[in-house]
Amino acid sequence: MTDRVRVLLADDEHLIRGALAALLALEDDLAVVAEAASGPEALAMAAAHRPDVAVLDLQMPGLDGLEVAAELRHRLPECRVMIVTGHGRPGYLKRALEVGVRGFLPKTVSASDLAGIIRTVRAGGRYVDPELAAEAISAGDSPLTPRETDVLELAADGSSVAEIAERAALSPGTVRNYLSSAAGKLGAENRHAAVRIAREHGWL
């Protein structure tokens, strides 16, 4: 175990996290030492198990991947952090790099590629998915937080605040606050206009 790369997997989607853990377990030099389903749990597991590499989902309950990465940079600086996103979200690449993230890649990456990237990051290298990098250059920086983006994306299909709250596991009041904040940052008169503006810039 001491010669293996110790990996923490954090993703609130249990099936995805479990599948990744099972696939990485097939690699002789990698060991998944902890799993987490939320940002706070990821921080707790990192403190308890001191992984070499933390693979974090961008969107997580409690704290998002970027917030966890920023905390780990201070609490566990020897731990390398990778962000995996299912939404592309090119607007977050610069912010991820600013908080010390060493890898930024889509969830569509294959298990073998992920294993290789974990090794690269552990060795001090950096990996940014080429397509996400190209999209980030054209999209510019998103002014929205990952949580605001998540809630705005849920609003894109015309869902009510109550429906969004249920799907995001948040209170209706919190959802309204996120939607209001997102609209304000985008200079939009309402959430529907905010969705349109964010999509035009590649932030959704």
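Residues numbered from 1 in each chain as written. Predicted model: local features only at pLDDT ≥ 70, side-chain atom pairs only at ≥ 80, totals over all residues. Heavy atoms only, no water.

As recorded in an unreviewed UniProt entry, the protein goes by Response regulator and comes from Kitasatospora phosalacinea.

Visitor: Tell me about the overall build of the protein, residues and numbers included.
Guide: For the protein, the count of helices and strands is 10 helices and 6 strands. Taken over C-alpha atoms, the radius of gyration comes to 17 Å for the protein, in line with the 17 Å a tight globule of 204 residues would show. The buried share among the 204 residues of the protein stands at 45%. Considering only intrachain contacts with a sequence separation of at least 6, the fraction spanning at least 24 residues in the protein is 67%. Within the structure as shown, the protein displays about 9600 Å² of accessible surface, and the carbon and sulfur contribution to it stands at 52%. Charge centroids of the protein, computed over 22 positive and 29 negative side chains, lie 4 Å from each other. (Helix = DSSP H or I, 4+ residues; strand = E, 2+ residues; numbered from the N terminus. Rg over C-alpha atoms; globule rule 2.2 N^0.38 Å. Buried < 20%, exposed > 50% of the residue type's maximum accessible area, 1.4 Å probe, protein only. Contact = heavy atoms within 4.5 Å. Areas by Shrake-Rupley, 256 points an atom, 1.4 Å probe, with all protein chains shown as cover. Lys, Arg positive; Asp, Glu negative; His and termini not counted. Charge placed at Lys NZ, Arg CZ, Asp CG, Glu CD.)

Visitor: Tell me about the UniProt feature "modified residue: 4-aspartylphosphate" (unreviewed entry) in the protein, and please be specific about residues and values.
Guide: UniProt's entry tags D57 with the feature "modified residue: 4-aspartylphosphate" (unreviewed entry), counted in the numbering of this structure. The topology assignment puts D57 in strand β3 (residues 53-57). In this view, D57 contacts A10, D11, D12, G65, V84, T85 and K107; residues no more than four positions away in its chain are not counted. (UniProt positions renumbered as here; feature names shortened; annotations may be inferred.)

Visitor: I'd like a description of empty space enclosed by the protein, backed by residues and values.
Guide: Applying the stated criterion across every chain yields a total of 1 cavity of 30 Å³ or more. Here the largest cavity is characterised by a volume of approximately 60 Å³. In terms of lining residues, the largest cavity is bounded by L9, A10, D11, L20, V55, L56, D57, V84 and K107. For the lining of the largest cavity, the element with the highest residue contribution is β3, accounting for 3 residues. Broken down by class, the residue content of the lining of the largest cavity amounts to 6 nonpolar, no polar and 3 charged. (1 Å grid on protein atoms, 1.4 Å probe; cavity = no way out; pocket = protein on both sides within 12 Å on 5 of 7 lines; lining within 4 Å. Points joined across faces, edges and corners; volume = space filled by probe spheres on them. Nonpolar A, V, L, I, M, F, W, Y, C, P; charged D, E, K, R; others polar.)

Visitor: So what about the pairing of β3? Which residues, and what values?
Guide: The buried fraction of β3 amounts to 5 of the 5 residues, a majority that puts the element mostly inside the structure. Covered by surrounding structure in β3 are V53, V55 and D57 together with A54 and L56, the residues of both alternating faces. Across 5 bridges, the pairing between β3 and strand β4 (residues 80-85) is parallel. By the bridge assignment, A54 is partnered in β4 with V81. (Pairing = 2+ DSSP bridges.)

Visitor: Mind laying out the domain arrangement of the protein, listing which residues take part and the relevant values?
Guide: Along its sequence, the protein is carved into domain 1 (5-139) and domain 2 (146-201). The distance between the C-alpha centroids of domain 1 and domain 2 comes to 25 Å. If you look at the interface, domain 1 gives 12 residues, while domain 2 gives 6 residues. Carbon and sulfur atoms make up 38% of the area that domain 1 and domain 2 hide from each other, which totals about 690 Å². The interface formed by domain 1 and domain 2 holds 0 salt bridges in total. Our count for the contact surface shared by domain 1 and domain 2 stands at 2 residue pairs in polar contact (both at pLDDT 80 or more). Of the residues in the side of domain 1 that touches domain 2, the class split is 6 nonpolar, 3 polar and 3 charged. (Domains from an automatic or database assignment. Buried area = accessible area lost by both parts, 1.4 Å probe. Salt bridge = Lys/Arg side-chain N within 4 Å of Asp/Glu carboxyl O. Polar contact = N/O pair within 3.5 Å; in protein donor to acceptor, adjacent residues only side chain to side chain.)

Visitor: So what's going on with the nonpolar core? Which residues, and what values?
Guide: Side chains that are nonpolar tend, in soluble globular proteins, to be buried together. Counting 51 residues, the largest nonpolar core has L56, L72, L152, L179 and L186 as its most contacted members. In this structure, L30, V53, L105 and L114 belong to the second largest nonpolar core, which totals 16 residues. (Core = buried A, V, L, I, M, F, W, Y, C linked by side-chain atoms within 4.5 Å.)

Visitor: With reference to specific residues and values, describe the sheet that holds β3.
Guide: Within the open sheet, the 6 strands sit side by side as β2-β1-β3-β4-β5-β6. Their pairing is parallel. If you trace the sheet from one side to the other, it starts and ends with β2 (30-36) and β6 (127-128), each paired once. Sheet strands touched by helix α3 (residues 65-75): β3 and β4. Its angle to β3, the strand with the most contacts, is close to 155°. (Axes fitted to C-alpha atoms, helices over the stretch in contact; angles between N-to-C directions.)

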